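Letter by letter, the chains look like this.
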Amino acid sequence: EDEEEEAALLRTVWLMVRCGRVAEAQQLCRQCGQPWRAATLGGGEPWRYDSAAGGWVGNPDRPLWRSACGAIARRALQRPEVPASAHEAAAYASLASDASLLHAVLPVCGGWEDEVWARLKPSVGKHIAEQQRRLSDGLPLRHEHGLPL
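Below is a summary of the structure that appears in this document. As the structure is a prediction and not an experimental result, all values here were calculated from the model.

## Some points on the overall build of the protein chain
A tally of regular secondary structure across the protein chain gives seven helices and two strands. Ordered by position from N to C terminus, the α and β elements of the protein chain give α-α-α-β-β-α-α-α-α. Since a compact globule built from 149 residues should have a radius of gyration of about 15 Å, the 16 Å found for the protein chain is in line with a globular shape. In terms of principal-axis extent, the alpha carbons of the protein chain reach across some 50 × 30 × 25 Å. In the protein chain, which comprises 149 residues, the proportion classed as buried is 38%. Of the contacts formed within the protein chain by residues at least 6 apart in sequence, a portion of 44% connects residues at least 24 apart. Only carbon and sulfur atoms are counted for the fraction: they give 56% of the accessible area of the protein chain, which is about 8,600 Å². With 17 positive and 19 negative side-chain charges, the protein chain shows a separation of 8 Å between the mean positions of the two kinds.

## Some words on the packing of aromatic side chains
For the structure shown, the criterion picks out three aromatic pairs. Taken together, a centroid distance of 6.0 Å and an interplanar angle of 65 degrees make the contact between tryptophan 14 and tryptophan 117 edge-to-face. On the criterion of sequence distance, the pair formed by tryptophan 14 in helix α1 (residues 2–18) and tryptophan 117 in helix α7 (residues 112–136) is long-range, its members being 103 residues apart. Per residue, the accessibility class of tryptophan 14 equals that of tryptophan 117, and both read buried. Judged by centre distance (5.7 Å) and plane angle (75 degrees), the ring pair of tyrosine 49 and tryptophan 56 falls under edge-to-face. Pairwise contacts between aromatic rings join Trp47, Tyr49 and Trp56 into one cluster.

## Structural notes on the nonpolar core
Val13, Trp14, Leu41, Tyr92 and Leu95 are the most contacted members of the largest nonpolar core, which has 31 residues in total. The contact partners of leucine 95, leaving out residues within four places of it in the chain, are Val17, Val22, Leu41, Trp65, Arg66 and Cys69.

## Comments concerning the pattern of salt bridges
On inspection of all chains with the given rule, the structure shows eight salt bridges. Ionic pairing is found between aspartate 114 and arginine 18, a salt bridge with its closest N-O pair at 2.8 Å. Taken together, the positions of aspartate 114 in helix α7 and arginine 18 in helix α1 put the pair 96 residues apart, joining distant regions of the chain. Each member of the pair, aspartate 114 together with arginine 18, is buried. A salt bridge links glutamate 88 to arginine 79; the shortest N-O distance between them is 2.8 Å.

## Section: the environment of alanine 89
Mapped onto the elements, alanine 89 comes out in helix α5 (residues 85–96). When the C-alpha positions of alanine 89 and aspartate 114 are compared, they lie 15 Å apart, and in sequence the two are 25 residues distant. With sequence-adjacent residues up to four places away left out, alanine 89 is seen in contact with Ala73, Ala76, Leu77 and Ala104.

The rules behind the values
Residues numbered from 1 in each chain as written. Predicted model: local features only at pLDDT ≥ 70, side-chain atom pairs only at ≥ 80, totals over all residues. Heavy atoms only, no water. Helix = DSSP H or I, 4+ residues; strand = E, 2+ residues; numbered from the N terminus. Rg over C-alpha atoms; globule rule 2.2 N^0.38 Å. Buried < 20%, exposed > 50% of the residue type's maximum accessible area, 1.4 Å probe, protein only. Contact = heavy atoms within 4.5 Å. Areas by Shrake-Rupley, 256 points an atom, 1.4 Å probe, with all protein chains shown as cover. Lys, Arg positive; Asp, Glu negative; His and termini not counted. Charge placed at Lys NZ, Arg CZ, Asp CG, Glu CD. Phe/Tyr/Trp six-rings, centres within 6.5 Å; stacked < 30°, edge-to-face > 60°. Core = buried A, V, L, I, M, F, W, Y, C linked by side-chain atoms within 4.5 Å. Salt bridge = Lys/Arg side-chain N within 4 Å of Asp/Glu carboxyl O.

Any functional reading would require information that these geometric values do not contain.
This is the structure:
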């Protein structure tokens, strides 16, 4: 029963991550008694100056967080006998935006739209990481490949 509940939770977390509703996935994890999982899902907000907030917002250690998400995805892939592992791997691999983890996302994709998203997400993640690195180094942001900042 616990494994079934865990599988249902992680399937829903995957769907929420896929839909860009990470904050809602975090809230669901808290409601299900997994505040530690909610914490691991957070951290994807790029570090930037928000004039409306009057200061810096986001995660200055976003590259470290992405690396941790990749490690969680890899760990989940090593446990294929666990019913929830495929969706756990897909959710964290998506958050990691690491092209080498595409094989963790594709098996749970529900159609061609999911596959296109899964294949493009690492490129967008790489672009954001590069912009964040430039910002941290005091360099101007660059527009590349037509991707919005």
